Amino acid sequence: MDRLTRWERRTGPALLTIGVLFLAGWALPVIVQRLPPVVDRALWYVQVTAWALFALDYGVRLTLAPRRLRFVVRNVPALLVVLLPMLRPLWLLRALLLLQVVSARVRLPLRVRAVVYVSGTALFLALVGSVAVLDIERSNPGGNIKTIGDALWWALTTMTTVGYGDRFPVTPEGRLVAAGLMTAGIALLGVVTAAIASWFVERFQASAAAERRSEAELKQALDELAGMRRELGELRQAVGELGRLREDLAALTDRLGRG
């Protein structure tokens, strides 16, 4: 195990906790308006501290990486999060590792774990997307997403591709969030549909295999029954011959007695 892998395993839980704290520091001022200045300032410090720790983690991992150019190419979102504070909420996607750890430890069939993981991912993206679009749209005079309830309803209709139409973003940033949610919703629904279809196919294959086994067992039983019938016929023939032999023997004995 190389140093980079050891570092990532050791710091994974801590960074997950930092991501959750950053989510709270970012979402609470958006959801709850008119927070006390002290609370608002503290939440801002939480966000800045989380960003600094993420930047430190990226720098350490870049230093420990055996192939730094390959590391940068494979971790472009992490680099953007560090260089562009506007994209910091994207780093919260690392919190999805929590769902992966939970699904890996729950003793459920693989397909059920996949559905649970996908459902958790969809819920997470819906929450983050609703807070993001509320933060963007609420201050726009022409916007129609003004409360967290409106934002959650819009996120639900967007991710399920229903497009109810009563709530919609009007700013370019809001439409960018909507595009991301629509893409994620289609992908997640596709995964769930594929998992369910695969489950049905497996059930049908298992039923077909059981029917084939039953047919094979029935054929074997019929073959054995036919063999038993043949043996019974041969046995009857042997008994008949034995009866005739006894009759011949009795007749011979009778003639000898007379002579």
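Computed from a prediction, not measured in an experiment: that's the story for all the values here. (Residues numbered from 1 in each chain as written. Predicted model: local features only at pLDDT ≥ 70, side-chain atom pairs only at ≥ 80, totals over all residues. Heavy atoms only, no water.)

Participant: Just checking my understanding: could you explain the nonpolar core for this structure?
Facilitator: In globular proteins that are soluble, nonpolar side chains generally tend to be buried together. Among the nonpolar cores identified, the biggest contains 26 residues, and W26, L125, I145, W154, M159 and L181 are the most heavily contacted of them. Only α1 (3-31), α2 (37-64), α6 (110-137), α7 (148-159) and α8 (172-258) provide two or more residues apiece to this core. If you look at the next biggest cluster of nonpolar residues, it comprises seven residues, including Y58, L64, A65 and A78. (Core = buried A, V, L, I, M, F, W, Y, C linked by side-chain atoms within 4.5 Å. Buried < 20%, exposed > 50% of the residue type's maximum accessible area, 1.4 Å probe, protein only. Helix = DSSP H or I, 4+ residues; strand = E, 2+ residues; numbered from the N terminus.)

Participant: Sorry, what's going on with the packing of α1 against α2 here?
Facilitator: Two quantities define a packed helix pair, namely the angle between the axes and the distance from one axis to the other. Where α1 contacts α2, the axes come no closer than 9 Å and their chain directions differ by 160°. On the basis of their axis angle, the class for α1 and α2 is roughly antiparallel. The two elements α1 and α2 meet at a crossing, and its hand is left-handed. When grouped by side-chain class, the residues that make up the contact of α1 with α2 number 16 nonpolar, four polar and five charged. (Axes fitted to C-alpha atoms, helices over the stretch in contact; angles between N-to-C directions. Parallel < 35°, antiparallel > 145°, perpendicular 65-115°, else oblique. Left-handed = near helix turned anticlockwise from the far one by under 90°. Nonpolar A, V, L, I, M, F, W, Y, C, P; charged D, E, K, R; others polar.)

Participant: Teacher, can you tell me more about unusual backbone geometry here?
Facilitator: Excluding glycine, residues mostly have negative phi values, and the peptide bonds linking residues are mostly trans. Although it is not a glycine, R34 adopts a positive phi angle of roughly 60°. Phi at T161 is positive, roughly 60°, even though this residue is not glycine. Relative to the helices and strands, T161 is located in the loop between α7 and α8.

Participant: Is there a simple way to explain α8 in this structure?
Facilitator: Because an α-helix completes one turn every 3.6 residues, residues spaced three or four positions apart along the sequence face the same direction. The end-to-end C-alpha separation of α8 is 128 Å, in line with the 129 Å expected for 87 residues at 1.5 Å each. Of the positions making up α8, those classed as buried are G174, A178, L181, A184, G185, L188, A195, A209 and G227. (Expected span 1.5 Å × (residues − 1).)

Participant: It is not clear to me how a nonpolar patch on the surface should be interpreted in this structure. Could you clarify?
Facilitator: Together, W153, L156, V162 and Y164 give the surface a local cluster of nonpolar side chains, amounting to about 440 Å² of exposed area. Here W153 shows up in helix α7. According to the relative accessible area criterion, W153 is partly exposed, its value standing at 35%. (Patch = residues over 30% accessible without salt bridge, like charges linked within 9 Å, V, L, I, M, F, W, Y side chains within 5 Å. Areas by Shrake-Rupley, 256 points an atom, 1.4 Å probe, with all protein chains shown as cover. Salt bridge = Lys/Arg side-chain N within 4 Å of Asp/Glu carboxyl O.)

Participant: Would you mind showing me how to read the confidence of the model for the chain here?
Facilitator: Low pLDDT means the predicted coordinates in that region are not meant to be read closely. When pLDDT is averaged across the chain, the result is 79; 86% of the residues are at 70 or more. The lowest-confidence element of the chain is helix α5 (residues 96-105), averaging 47 in pLDDT; the highest-confidence one is α7, averaging 90. (pLDDT = per-residue confidence, 0-100.)

Participant: Explanation requested: the pattern of salt bridges in the structure shown.
Facilitator: Any two side chains of opposite charge can pair, so long as their charged atoms come close to each other. Within the structure shown, the criterion is met by three salt bridges. Between R61 and D57 there is a salt bridge, with its nearest N and O atoms 3.2 Å apart. Note that R61 and D57 are positioned in helix α2 at a spacing of four residues, about one turn of the helix. A salt bridge links D150 to R167, with the shortest nitrogen-to-oxygen separation between them at 3.3 Å. Linking D150 in helix α7 with R167 in the loop between α7 and α8, this pair joins segments that are 17 residues apart in sequence. Overall, the relative accessible area of 17% leaves D150 in the buried class.

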